[in-house]
Structures are given as structure tokens and as C-alpha cells.
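Per-entry structural report
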Amino acid sequence: MASQGARGRSGGRPTLEEVAARAGVGRGTVSRVINGSPRVSDATRAAVEAAVAELGYVPNTAARALAANRTDAIALVVPEPETRFFAEPYFSDMLKGVGAEISDTEMQLLLIFAGSDRERQRLAQYLAAHRVDGVLLVSVHADDPLPDLLAQLEIPAVISGPRSSAETLPSVDSDNYGGARQAVEHLLSRGRRRIAHITGRLDVYGAQRRVDGYRDALSDAGHGVDEALIEEGDFTEEGGHRAMRALLERHPGLDAVFAGSDVTAAGARQALREAGRRIPDDVALVGYDDSAIARHLDPPLTSVRQPIEEMGRRMIDLLLTEVADRRPSASRGLDRRQVVLTTELVARSSS
């Protein structure tokens, strides 16, 4: 009989039964081959694959997912307001990395914002219904209940950076401590001695580690740490502007600033200009992320590059492994997987 192309005997799409008849095997055997089961001989697998090719059979992925108690969907959850997500390059770069890695799979990616109490309640109900196979959590704060909820529901999850040194979930992060040291050591090498630091939100572990790196770099170089040169920010431009004004009021003689993000550095730059300070002549400025903002500022911003897209790719890779094992690592009692990627200082005219 000649190949029937993409149409079965009924004239519609070829069925599993028609593939089984063509291959001379049972329906269950065809299902096992399609789902990649190892409990099939090479000869049988070859016969089924030939029948699939001849008939043009396309598996019903929805039915397969239902039978396997899967949704074939991954949620990228951002517990921040939408305005911050679209304002900061960190999030778009993370999404780009996740999207690139998941595009080669059959998984669908859902973007969910959970910045308000109402959104969090709605998300909790959604997750409790097990409508996704796994969750990527981006921008997690120390007191965020979402990771614990996911563990309670036994939904595989990976977070972008641990909540503490005792993190219980798989995470992917950059070397925040090492990156901060690179920034301060660079400024010291340029002869700067009164180096201020505008932090990120200090309920974010990565921001805490950057403060640790800032302190240790100064101490190891024989310089004391002046607490008046540390001002808490929130990773936003407005926060950078506000923090810079406070630092100048307390310490008008400062000669360098290490900002917790490029967006924060942009706000600090504006406050420095309003105060008549020239960059880098009077005050050197270093950011963090090495986003497009760093390249487009005037003068171009020295920044610590963290591989955000690669972080996104590694996160989805970790999560897909968790999903394939069908149980989160917490319930399997395995060692937690904490991935830390290296950073790189990119020197430009601002320092």
C-alpha cells in the first residue's frame, strides 16, 4: 500500500490504532515508543517509528500530558509590580534567557505577576490547582512566602538567587560578593578612597552579599569602613537619586560611588549632576548588571556584568530536570543545587 501521508483510513488525522496496525504491534507498544520508554526492543521501536513517519502521525500532546498528570506549562513568577518588571533590563534579560532555553521543548511559558496581595492570593489558588508543572521565581525577598508554598504543594521550583545562605530550593545566581569586590577594587586602583555604596533592597540576599563584598574589599585594602558611606536603595532610579542626595548631604567629600544596579546608578548620576559634581573628575561611578543602560549613559557607565541571560537558561534547565523527575528535590531528599555564575567588571569612562 502506498503511504497515506498525513491522513488515516478515515480520511482524518492518523490514529494511534492505525500506527499500531501498520507496525504490527499493540496500541500500548506504540504509546511506549512515543513516550520514550526503554521497555521496547530496538526492532520494535524502528517499526513503530517507520509507521509514524509513513502515516504522518502527530502525537496528541494534550492527551499525553493528561495521562501523565502533566500540564506541559512552566510559570515564570515575578513577585514585583509590573512597572518594575518593564522598567528594569534585568527582568527582560532573564526572560530572554528562559525563553531561548524553553523554545526547544514542548513546554509553554506563562508570565505571572504577583506584586500585590490580591495577585498573590490569586496565584496561590492557581498553584494549588496544579495548573503548571514547575515554577521559576525571580526577584525573591527574604520574607516571601511563595517558595514555602511551592514546597508545601510539592511543585518543582527554581529561584533566581537564594533567600539566605541556608536556601532550601535550587537556585541560580551570579557571584554578588565577588562582583562587589571587583567594583571596589577597581575604584581603589583608580586612586579613590572615599567610596560610597548605594545598596539594593536589603531583604534580598544578593544585595546583602554585595554589601559584604564592598566591606571586605575596603578592609582587605587597609581602609576602614565608614557606615555613613552606605545608603540603602531599592534597585530603582528614584531610589538611587534619593540615596545619592542623602550621601552627599552626609559626606560631601566622597569621591566614588558603587551602585547596586545600573538603574540605581542612573539615578545617582542625576543627583550628582544636580549637585554640580562631574563624573568621573569629582566622583567616579560604578553600576551593576552591565545592561544597555550602562552603555548609553553619558559618560558610559563602568559596570559589573552578571550573565543574566545565562542565569535564565540555567534556571529553566534546572527546573526541567526537576519536572522530569516528577518530584521536587526537597521531597527526594537530594542535595540542593545552588548554581553561582561568575561576574566581570567592564570599565568605561565613568570611573
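Please refer to the structure placed before this passage.
Residues take numbers from 1 onward in each chain, read along the sequence in its written order. Reporting in this predicted model follows two pLDDT cut-offs: at least 70 for local features of residues, and 80 or more for side-chain atom pairs to be given and counted; totals over whole chains, interfaces and linings ignore these cut-offs and use all residues. Heavy atoms from the whole structure form the basis of all side-chain values; hydrogens and water molecules are not counted.

**Details of the nonpolar core**
- Ranked by internal contacts, the top residues of the largest apolar core, which has 37 residues, are Val 184, Ile 195, Met 244, Leu 254, Val 257 and Phe 258.
- Broken down by secondary-structure element, the contributors of at least two residues to this core are helix 9 (176–189), strand 6 (195–198), helix 10 (205–220), helix 11 (237–250), strand 8 (256–259), helix 12 (262–274) and strand 9 (284–289).
- Residue contacts are counted whenever heavy atoms from the two residues lie within 4.5 Å of one another. Those residues in contact with Val 257, other than ones at most four positions away along the chain, are Leu 187, Ala 196, Ile 198, Met 244, Val 283, Ala 284, Leu 285 and Val 286. Residues enter a nonpolar core if they are buried and are Ala, Val, Leu, Ile, Met, Phe, Trp, Tyr or Cys, with the set joined through side-chain atoms within 4.5 Å. For every residue, the accessible area (1.4 Å probe, protein chains only) is compared with the maximum for its type, and the residue is labelled buried under 20%, exposed over 50%, or partly exposed between those bounds. The numbering of helices and of strands both runs from the N terminus, where a helix is a DSSP run of H or I of at least 4 residues and a strand a run of E of at least 2.

**Some details on the packing of helix 7 (residues 117–128) against helix 8 (residues 146–153)**
- Lines are fitted to the C-alpha atoms to define the axes, a helix being fitted only along its stretch in contact, and any angle between axes, read from their N-to-C directions, falls within 0 to 180 degrees. Running from amino to carboxyl end, helix 7 crosses helix 8 at an angle of 15 degrees, the nearest separation of the two axes being 10 Å. Comparing their axes, helix 8 and helix 7 come out roughly parallel. The crossing of helix 7 and helix 8 is right-handed. Together, Arg 120, Leu 123, Ala 124, Leu 127 and Ala 128 of helix 7 and Leu 146, Leu 149, Leu 150 and Leu 153 of helix 8 make up the contact between the two elements.
- In this count, Pro and Cys sit with the nonpolar residues alongside Ala, Val, Leu, Ile, Met, Phe, Trp and Tyr, while Asp, Glu, Lys and Arg are called charged and the others, Gly among them, polar. In terms of residue class, the contact of helix 7 with helix 8 is built from 8 nonpolar, no polar and 1 charged. Should an angle fall under 35 degrees it is taken as roughly parallel, and over 145 as roughly antiparallel, whereas 65 to 115 is taken as roughly perpendicular and any remaining angle as oblique. For a crossing to be left-handed, the near helix must be turned anticlockwise from the far one by less than a right angle; the clockwise case is right-handed.

**Describing the pattern of salt bridges**
- Any Lys or Arg side-chain nitrogen found within 4 Å of a carboxyl oxygen on Asp or Glu counts as a salt bridge. As enumerated under the stated definition, the model contains 23 salt bridges in all.
- Across the pair Arg 163 and Glu 167 runs a salt bridge, and its minimum N-O distance is 2.7 Å.
- Given the relative accessible area of 8%, Glu 167 is considered buried.
- Among the ionic pairs, Asp 290 bridges to Arg 305, the shortest N-O distance being 2.7 Å. On the criterion of sequence distance, the pair formed by Asp 290 in the loop between strand 9 and helix 13 (292–296) and Arg 305 in strand 10 (residues 302–305) is long-range, its members being 15 residues apart.
- In this structure, a network of salt bridges that share partners links the residues Lys 96, Glu 309, Glu 310, Arg 313 and Arg 314.

**Overview of the packing of aromatic side chains**
- Stacked, tilted and edge-to-face are the three classes assigned to paired rings of Phe, Tyr and Trp, where Trp is represented by its six-membered ring and a pair needs centres within 6.5 Å; plane angles under 30 degrees give stacked, over 60 edge-to-face, the rest tilted. This structure, assessed with the given rule, holds 6 aromatic pairs.
- Geometrically, the ring pair formed by Phe 85 and Phe 113 is edge-to-face, given 5.2 Å between the ring centres and 80 degrees between the ring planes. Note that Phe 85 is positioned in helix 5 (residues 82–87) and Phe 113 in strand 2 (residues 108–113), a separation of 28 residues in sequence. The two residues Phe 85 and Phe 113 agree in class, both being buried.
- With a centroid separation of 6.1 Å and an interplanar angle of 50 degrees, the aromatic rings of Phe 86 and Phe 113 are classed as tilted. Placement of the pair is Phe 86 in helix 5 and Phe 113 in strand 2, with a sequence separation of 27 residues.
- An aromatic cluster is defined as three or more aromatic residues linked by ring pairs; in this entry it consists of Phe 85, Phe 86, Tyr 90, Phe 91 and Phe 113.

**Thoughts on the packing of helix 6 (residues 89–102) against helix 14 (residues 308–324)**
- Where helix 6 meets helix 14, the closest approach of the two axes is 7 Å, and the angle between their N-to-C directions is 45 degrees. Considering their axes alone, helix 6 and helix 14 lie oblique with respect to each other. The two elements helix 6 and helix 14 meet at a crossing, and its hand is right-handed. In this structure, helix 6 contributes Tyr 90, Asp 93, Met 94, Lys 96, Gly 97, Val 98, Glu 101 and Ile 102 to the contact, and helix 14 contributes Ile 308, Glu 309, Met 311, Gly 312, Arg 313, Met 315, Ile 316 and Asp 317.
- Partitioned by chemical class, the residues of the contact of helix 6 with helix 14 number 8 nonpolar, 2 polar and 6 charged.

**What to know about unusual backbone geometry**
- Of note, the bond from Ile 279 into Pro 280 is cis; its omega dihedral lies within 30 degrees of zero at 5 degrees.
- For the bond running from Asp 298 to Pro 299, omega is 0 degrees, close enough to zero to count as cis.
- With respect to the secondary-structure elements, Pro 299 resides in the loop between helix 13 and strand 10.
- Here the phi dihedral of Phe 235 falls at roughly 75 degrees; this positive angle occurs in a residue that is not glycine.
- Residue placement: Phe 235 occurs in the loop between strand 7 (230–231) and helix 11.

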